[in-house]
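If you want the building blocks of each chain, they are given just below.
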Amino acid sequence: MLIHRRPGWSIPEREATPEAVVLARRGLLGGVGAIAMAGPAAAQWRLFGGDAPPQQDLKPLPAPHNDRYAPGRELTPEKDSTTYNNFYEFGSEKSVAGAAQALVVDPWSIELAGMVAKPRSIALEDLLKQVHLEERVYRHRCVEAWAMTVPWTGFPMAELVKLAEPTSSAKYLRFTTLMDRKTMPGLTQSWYPWPYIEGVTLAEATNELAFLSVGMYGKIVPRQDGAPIRVTLPWKYGFKSAKSIVKVEFTDQRPVSYWQQLQDSEYGFWANVNPEVPHPRWSQAEERLLGSNEMVKTKIWNGYGDYVAALYDGLKNERLFA
Ligand SMILES: Nc1nc2c(c(=O)[nH]1)N[C@H]1C(S)=C(S)[C@@H](COP(=O)(O)O)O[C@H]1N2
Ligand SMILES: [Mo]
């Protein structure tokens, strides 16, 4: 099936026809009813575009700023980074912010599973009492060649690993994200391998850059950006940064991610940013900054090589960059 081979964002963005529209036209989207489930206002916004999604008020989330990771470019205006999203559970177009307001973020808990001392479920508020929140500005590079620069509030992934107490056999973390048919119209697109899965090695997870974000621009993270908690891995293509995670499993098996299941040759396990390794269907040499639309040169490891390049020293035979 052609659609199966070419998910919406696997087409370089300038050529992409929003997939939901194409499928609706062909009568293939079982989703017109499903879109309406997110509420009439949200549905209207999704189908016709609009000035701004009907967003809920986002509470302030103060945390000390850590300036160790200065981004070297302007912040992306909040209105641009929060209205141009990839969140396929809510649809395969970029304008999912309205529909995503249906996401129920409270109560929220995360299951710590697999090779850990005590498998258990932890309520998000209890987890947040045991970690140190801080704000960091990171560059984000989507595999589709757009990019943004965002102040995230969150905590090092290493703190979660410590809390989970992995056993000595654990080699990978496997993230599972929320799959809620009542609120997520994208799940009716049954040719996608739901739920959205991602994974990293234990060494990557405990690298100082690996972050779990609960806030953005000094407030709680908006639903469309992965509320209430999302992975943030700035040296990798954006699809590795799984949104709205509900389970972290420690395992000795390399996780097979959602996009890998769809097309491994284009979206592999490592997915580290490299301008010299083109995507099979487009160049990765440059990126478009959300907001200004300025084109800038992409950097290897998205500019974070000093922190992460050494992680990959012994892995020269792996497909590290796609
Ligand atoms: N659960 C889930 N997480 C996801 C995605 C998704 O579709 N579902 N898209 C990924 C992709 S391709 C990117 S580029 C980033 C986008 O994050 P943003 O919308 O906050 O910019 O989220 C990633 N995490
Ligand atoms: Mo992406």
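All values derive from a computational prediction rather than experimental measurement.

About the cut-offs
Residue indices begin from 1 for each chain and proceed along its sequence in written order. Starting at A for chains and at 1 for ligands, labels are handed out in the order in which the entities are written. Local features in this predicted model are restricted to residues whose pLDDT is 70 or higher, and side-chain atom pairs enter the listing and the counts only when it is 80 or higher, whereas totals over whole chains, interfaces and linings include all residues. The basis for every side-chain value is the complete set of heavy atoms in the structure, and neither hydrogens nor water enter the calculation. Throughout, the term near means that a residue has one or more heavy atoms lying within 4 Å of the molecule or strand in question. By the criterion applied in these results, polar contacts are pairs of N or O atoms within 3.5 Å in which, for protein atoms, one can donate a hydrogen and the other can accept it, and in which residues neighboring in sequence qualify only through two side-chain atoms. Accessible surface is estimated by sampling points in the Shrake-Rupley manner with a 1.4 Å probe; for residues, cover comes only from the protein chains shown. Charged means Asp, Glu, Lys or Arg here, nonpolar means Ala, Val, Leu, Ile, Met, Phe, Trp, Tyr, Cys or Pro, and polar covers whatever is left, Gly included. Strands are runs of DSSP state E lasting at least two residues, helices are runs of H or I lasting at least four, and both sets are numbered from the N terminus onward. Accessible area is worked out with a 1.4 Å probe on protein chains only. A residue is then buried under 20% of its type maximum, exposed over 50%, and partly exposed in between. What makes two residues a contact is simply this: any of their non-hydrogen atoms within 4.5 Å. Pairing between two strands requires that DSSP report at least two bridges joining them.

Go over the site of ligand 1 with me, naming the residues and quoting the values.
Close to ligand 1 lie 19 residues, the nearest being Tyr88, Asp225, Arg230, Ser241 and Lys243. Here a nitrogen atom of ligand 1 sits 2.8 Å away from a polar atom, N or O, in the side chain of glutamate 89. Take serine 241: an N or O atom from its main chain is 2.8 Å from a nitrogen atom of ligand 1. Contact with the protein chains removes 100% of the 530 Å² of surface that ligand 1 exposes when unbound. Class assignment for the residues of the shell around ligand 1 results in nine nonpolar, six polar and four charged.

Can you explain the environment of cysteine 142? Please cite residues and give values.
Topologically, cysteine 142 is positioned in the loop between β3 (134-141) and β4 (146-156). Here cysteine 142 falls in the buried class, since its relative accessible area comes to 4%. Separated by 95 residues in sequence, cysteine 142 and tyrosine 237 have C-alpha atoms that sit 5.2 Å apart. When sequence neighbours within four positions are dropped, the list of residues in contact with cysteine 142 reads Asn86, Tyr237 and Gly238.

Give me the pairing of β3: which residues, what numbers.
Taken across its eight residues, β3 has eight buried, putting it largely inside the fold. Sheet topology places β3 next to β4; eight bridges connect them, and they run antiparallel. For glutamate 134, the partnering residue across the bridge sits in β4 and is glycine 154. Between the antiparallel neighbours β3 and β4 lie four residues, among them alanine 145 with a positive phi of about 80°.

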